[in-house]
Amino acid sequence: MELYTLVTSALCTLVLPVLLLLTATKLWELYCYSCRDSACQSPLPPGTMGMPFFGETLQMVLQRRKFLQLKRRKYGHIYKTHLFGTPTVRIMGAENVRQILLGEHKLVSVHWPASVRTILGSDCLSNLHDSQHKHMKKVIMQAFSREALENYVPVMEEEMRNAIHLWMQNDSCVLVYPAVKRLMFRIAMRLLLGFEPDQMDPAHEQPLVEAFEEMIRNLFSLPIDVPFSGLYKGLRARNIIHAKIEENIKEKLQNEPEGHCKDALQLLIDHSRKSGEPVNLQALKESATELLFGGHGTTASAATSLITFLGLHKEVVQKVRQELDAKGLLSNNPEEKKALTLDVLQQLTYTSCVLKETLRLSPPVPGGFRVALKTFVLNVSLLFIRL
């Protein structure tokens, strides 16, 4: 009798929770499948929907690259999953991606996960659509005109020289990626948001860098805003960045910009003034944060890849040096040294090829998010993403 009671207790304690978990997982998968387009007879891509509500977000956050590698090895270039609270299809391969990109605004549209939209805000460029998106993009692109880029070159050269000088003073080794990220962060703050060098001293810069890194780490998370969640920490870090940007916006509103070249934030402020409506501080802060996000990570990734490849190919470094020296950019004599300008940069044909090959071998943007506007067939599989 005691043995029977012991076995029954063990079964209830161990087996019953497992059965309940398996049942809940199966019901969750059936629920997700019930949302598919019944008018289309093509099958859904292979894959699983993970745990109820959480999907496979936790596995992806914990395993990161390994999770994607395992999925690709098991299911191939197209598979379904459930990430960040939404049924998702991951697509790889040149031909498959080509069909998606060519179907922009007809088959698919840009649609970031809920956590990204919440942290970056509803008024940023990536969350605008149709005419609003085109108009705002036109305003921001003025900050990347040839005239603007010509004025950016001296600032970038100054920041890079200061950073390299600091790296050379380090007796131990320099961790390239963190150092390059910090450099690109400073450049983005100065060129895109108009921060002055005295505003970027180490005492004020370090908390801002830490807040920005915290925001990026939690940008892709479950859309659950509770204490200690990824979204909660991301929003708290974003508020620190917004407070600093708001100080800069208020200063720009009080003082007229000096010089004829304007940073992206100043162009957004001028655009708000021209509309005749009161300046929307929240919209400006969200747009500025998005510019910082877009102009920091990709450039840091590309620069790190470039340094890595140059370190592996000494002969390429030698050829780059020869080209730079031929243009007078490596001379130690101030009278012989040529000023770095956009025209001079465009004459560096070999160096330009090295940069393009780096971007080809190691793209700084590994992927993007799209939402299906209608059901369509991709490579004999049904692509389905719920709106």
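Here the structure is shown first, and the text comes after it.
Numbering of residues starts from 1 in every chain and runs along the sequence as written. Thresholds applied to this predicted model are a pLDDT of at least 70 for local features of residues and 80 or more for the giving and counting of side-chain atom pairs; totals over whole chains, interfaces and linings are not thresholded and use all residues. Remark: hydrogens and water are excluded; side-chain values derive from all non-hydrogen atoms of the structure.

The definition of a nonpolar core used throughout is a set of buried Ala, Val, Leu, Ile, Met, Phe, Trp, Tyr and Cys residues joined through side-chain atoms within 4.5 Å. Buried means the residue's accessible area, taken with a 1.4 Å probe over protein chains only, is under 20% of the maximum for its type, while exposed means over 50%, and partly exposed covers the values in between. Counting residues in each nonpolar core, the largest one holds 49 residues, and the members touching the most others are F185, M189, L193, I241, L268 and L292. No other element matches helix α8 (residues 176-191), which puts eight residues into this core. Core analysis: the next-biggest nonpolar cluster, separate from the first, contains nine residues, I100, A372, F376 and L378 among them. By the criteria applied, helices consist of DSSP H or I runs no shorter than four residues and strands consist of E runs no shorter than two, each listed in order from the N terminus.

Moving on to the packing of α8 against helix α13 (residues 297-312). Between two packed helices, what matters for the description is the angle formed by their axes and the separation of those axes. Lines are fitted to the C-alpha atoms to define the axes, a helix being fitted only along its stretch in contact, and any angle between axes, read from their N-to-C directions, falls within 0 to 180 degrees. In the contact formed by α8 and α13, the axes pass within 9 Å of each other and the chain directions differ by 135°. One way to sum up the angle between α8 and α13 is to call them oblique. Crossing of α8 over α13 shows right-handed handedness. The residues of α13 that touch α8, namely those facing V176, Y177, V180, K181 and M184, are T299, A300, S301, A303, T304 and I307. Under the scheme applied here, ten amino acids are nonpolar (Ala, Val, Leu, Ile, Met, Phe, Trp, Tyr, Cys and Pro), four are charged (Asp, Glu, Lys and Arg), and all others, including Gly, are polar. Across the contact of α8 with α13, the residue classes tally to seven nonpolar, three polar and one charged. Put simply, angles under 35 degrees are roughly parallel, angles over 145 are roughly antiparallel, angles from 65 to 115 are roughly perpendicular, and the rest are oblique. Each helix crossing is assigned a hand: it is left-handed if the near helix lies turned anticlockwise from the far helix by less than a right angle, otherwise right-handed if that turn is clockwise. Contacts are assigned to residue pairs that have any heavy atoms within 4.5 Å of one another.

Further remarks concern a nonpolar patch on the surface. Put simply, a patch holds well-exposed residues, over 30% relative accessible area, that have no salt bridge, with like charges counted together within 9 Å and Val, Leu, Ile, Met, Phe, Trp or Tyr side chains within 5 Å. Note on areas: Shrake-Rupley, 1.4 Å probe, and residue coverage restricted to the protein chains presented here. In what follows, salt bridge is the name for a side-chain nitrogen of Lys or Arg lying within 4 Å of a carboxyl oxygen of Asp or Glu. A cluster of nonpolar side chains, contributed by L21, M51, F53, F54, L58, I224 and V226, occupies part of the molecular surface with about 640 Å² of accessible area. Inspection of the secondary structure puts M51 in the loop between α1 (2-34) and α2 (57-63). For M51, a relative accessible area of 34% gives the class partly exposed.

We now examine the packing of α13 against helix α14 (residues 314-326). Relative to each other, α13 and α14 sit at 105°, their axes nearing to 5 Å. What the angle tells us is that α13 and α14 run roughly perpendicular. On the side of α13, the interface is formed by L310, G311 and L312, while α14 contributes K314, V316 and V317. Its residues assigned to classes, the contact of α13 with α14 shows four nonpolar, one polar and one charged.

Within an α-helix, residues lying three or four positions from one another point in the same direction, as the helix has 3.6 residues per turn. With 13 residues, α14 extends 18 Å from end C-alpha to end C-alpha; this agrees with the ideal 18 Å at 1.5 Å per step. If you follow the buried residues of α14, they end up packed against α13 and α16 (349-361). The first or second residue beyond α14 is G328, which carries a positive phi of 75°. Expected helix span is given by 1.5 Å per residue-to-residue step, counting one fewer step than there are residues.

The subject of this paragraph is the side chain of T358. Its place among the elements puts T358 in helix α16. Residue classification places T358 among the buried residues on the basis of a relative accessible area of 4%. Once residues lying within four places of it in the same chain are set aside, the contact partners of T358 are A302, S305, L306 and F309.

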